[in-house]
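# Descriptive structure summary
The lines below spell out each chain.
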Amino acid sequence: MAEARGPSRQPTVIGPRRSLLIRTIVTLLLALIVMTGLTILVIWLSIKPKRPVYFIKGGSINNYTLTKDHHLYASYNLVLMSINTNKKMHILYKKMDIKILFENVTVARGVIQPWHQHKREKKKFTLDLVSRNVELSGAVSRHLELAKLSDQVVLDVEFKSRLKSKLGIWKSRYYHMKVSCEHVVAQFSDSSKESHGSCSTSF
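Positions within a chain are numbered from 1, following the residues in the order the chain's sequence is written. In keeping with the model being predicted, local features are shown solely for residues with a pLDDT of at least 70 and side-chain atom pairs are shown and tallied solely at 80 or more, while totals for entire chains, interfaces and linings include all residues. Heavy atoms throughout the structure, all of them, feed into the side-chain values; hydrogens and water do not.

### Considering the overall build of the protein
Which entries qualify depends on this criterion: Note on conventions: DSSP H or I runs of at least 4 residues are helices, E runs of at least 2 residues are strands, and numbering of each starts at the N terminus. Note on classification: 1.4 Å probe, protein chains only; a residue is buried when its accessible area is under 20% of the maximum for its type, exposed when over 50%, partly exposed between these limits. Only the protein chains shown count as cover for residues, and all accessible areas are computed by the Shrake-Rupley method using a 1.4 Å probe.
Helix and strand counts for the protein come out as two helices and twelve strands. Element order for the protein, N to C, with α for helix and β for strand: α-β-β-β-β-β-β-β-α-β-β-β-β-β. Every one of the 203 residues in the protein was classed for burial, and the buried ones make up 35%. Of the roughly 13,800 Å² that the protein leaves accessible, carbon and sulfur atoms contribute 58%.

Here is the structure:
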């Protein structure tokens with residue numbers, strides 16, 4: 001006796017018009033992606049964005065006191081130069097955190113408030129930071145006292161900020177930036193020698 005079978009299912013077939021529509025949409029999406037990438041590349045090559053340049057132009061240490069129990073009191077006056085070397089792009093900074101270190105020990109902190117740096121603009125910041133009751137180890141205290149005898153001390157200065165580029169009405173997203181000024185030679189207040197220090201920038 002023959003078994004009854006239900007109606008057989010026919011495979012789904014995409015019509016020519018629907019297939020053509022899908023291919024057209026995919027082609028348009030790919031073309032849009034390629035055109036967007038080429039536009040960004042052309043803009044990037046025409047602008048040629050560059051990193052800002054920083055260096056320490058001068059500085060001194062004043063009101064220096066190191067107690068017998070290795071607590072440091074001092075004021076630092078540093079001159080920071082910031083240069084936007086870009087010919088077309090402006091730079092928008094959020095606040096910049098400052099840290100001064102001696103032999104990897106943080107001795108002072110400070111903040112530069114948000115600012116806008118125009119294209120090719122050179123900006124000068126006079127930084128006044130203070131050490132108040134900063135506890136040092138015996139070894140670091142001895143090294144600092146030896147530096148005082150030579151009228152100069154080698155410091156490291158670090159800056160951290162978030163910034164973005166601006167061209168017309170277009171603005172990039174914010175980037176994290178770190179500026180490291182290593183081996184900054186700072187003079188004590190009674191010295192006539194010039195202070196100096198170069199910096200490197202990383203994102």
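Here the narrative resumes, following the displayed structure.
### Examining the pairing of strand β5 (residues 105-112)
Test applied: When DSSP locates at least two bridges between a pair of strands, those strands are taken to pair.
For strand β4 (residues 96-102) and β5, the ladder comprises seven bridges, and the chain directions are antiparallel. Within β5, the residue paired with Ile 100 across the bridge is Ala 108.

### Thoughts on a positive patch on the surface
Short version of the rule: To count toward a patch, a residue needs a relative accessible area above 30% and no salt bridge. Like charges then connect within 9 Å, nonpolar side chains (Val, Leu, Ile, Met, Phe, Trp, Tyr) within 5 Å. For this document, the term salt bridge refers to a Lys or Arg side-chain nitrogen within 4 Å of an Asp or Glu carboxyl oxygen. The charge count treats Lys and Arg as positive and Asp and Glu as negative. His and the chain ends do not count. Charge placement uses NZ in Lys and CZ in Arg. For Asp and Glu, CG and CD serve respectively.
The grouping of Lys 50, Lys 87, Lys 88, Lys 119 and Arg 120 at the surface amounts to a positive patch. Structurally, the position occupied by Arg 120 is in the loop between β6 (115-117) and β7 (122-135).

### Overview of the pattern of salt bridges
Inspection of the entire model under this criterion finds three salt bridges. Here Asp 97 makes a salt bridge to Lys 95, at a shortest N to O gap of 3.8 Å. Judged by relative accessible area, which is 33%, Asp 97 ranks as partly exposed. Judged by relative accessible area, which is 46%, Lys 95 ranks as partly exposed. The salt bridge involving Glu 158 is made with Lys 99; its shortest N-O contact spans 3.7 Å. Of the two residues, Glu 158 is situated in strand β8 (residues 152-167) and Lys 99 in strand β4; the sequence distance between them amounts to 59 residues. Lys 99 sits in the partly exposed class, given a relative accessible area of 22%.

### Some thoughts on the environment of Ala 108
Within the secondary structure layout, Ala 108 lies in strand β5. Separated by 35 residues in the primary sequence, Ala 108 and Tyr 73 place their C-alpha atoms 9.9 Å from one another.

### Digging into the nonpolar core
Let me state the cut-off plainly: Within this scheme, the nonpolar core is defined by two criteria: the residues are buried Ala, Val, Leu, Ile, Met, Phe, Trp, Tyr or Cys, and they are joined through side-chain atoms within 4.5 Å. By definition in these notes, contact holds between two residues if any of their heavy atoms fall within 4.5 Å.
Of all hydrophobic cores here, the largest spans 39 residues; its most connected members are Leu 72, Tyr 76, Ile 100, Leu 127, Val 153 and Phe 159. Tallying contributions element by element places strand β10 (residues 175-188) first for this core, with six residues. Setting aside its immediate chain neighbours within four residues, Ile 100 contacts Tyr 76, Leu 78, Val 105, Thr 106, Val 107, Ala 108, Leu 129, Leu 155, Asp 156 and Val 157.

### Some thoughts on unusual backbone geometry
Of note in the backbone geometry, Glu 103 takes a positive phi value of approximately 50° without being a glycine. By the secondary structure assignment, Glu 103 is in the loop between β4 and β5. Note on Glu 103: relative accessible area 38%, which makes it partly exposed. Of note, the phi angle at Asn 133 is positive, near 55°, even though the residue is not glycine. Look at Asn 133 and you get partly exposed, because its relative accessible area is 43%.

### Digging into helix α2 (residues 138-149)
Under the convention used in this document: Expected helix span is taken as 1.5 Å per residue step, with the number of steps being one fewer than the number of residues. The arc under discussion is defined with respect to the helix axis, by the directions toward the C-beta atoms.
Between its terminal C-alpha atoms α2 stretches 17 Å, which fits the 16 Å expected from twelve residues at 1.5 Å a residue. Along α2, the positions that sit buried rather than exposed are Val 140, Ser 141, Leu 144 and Ala 147. On an axial view of α2, the arc spanned by its buried residues comes to 120°, and they lie on one face. Looking at α2, the residues exposed on the side facing more than 90 degrees away from the buried face are Arg 142, Leu 146 and Leu 149. Elements that come into contact with the buried residues of α2 comprise β1 (53-66), β2 (71-83), β4, β5, β8 and β10. Asp 151 occupies a position one or two residues after α2 and carries a positive phi of about 70°.

### Examining the packing of aromatic side chains
Just so we agree on the cut-off: Two rings from Phe, Tyr or Trp (for Trp, the six-membered ring) form a pair when their centres are within 6.5 Å of each other. A pair whose planes differ by under 30 degrees is stacked, one over 60 is edge-to-face, and the rest are tilted. Placement of a positive charge over a ring is assigned whenever Lys NZ or Arg CZ falls within 6 Å of the ring centre and within 35 degrees of the normal to the ring plane.
The final tally for this structure, using the stated rule, is three aromatic pairs. Centroid distance Tyr 64 to Phe 188: 5.4 Å. Interplanar angle 80°. Geometry classified as edge-to-face. Placement of Tyr 64 in strand β1 and of Phe 188 in strand β10 is noted, with a sequence separation of 124 residues between them. Phe 188 carries the same exposure label as Tyr 64, and that label is buried. Through successive ring pairs, a cluster of aromatic residues spans Tyr 93, Trp 115 and Phe 125. In this structure, Lys 94 packs its charged tip against the face of Tyr 174, placed 4.9 Å from the ring centre. Directly above the ring of Phe 188 sits Lys 148, whose terminal nitrogen or CZ lies 5.2 Å from the centroid.

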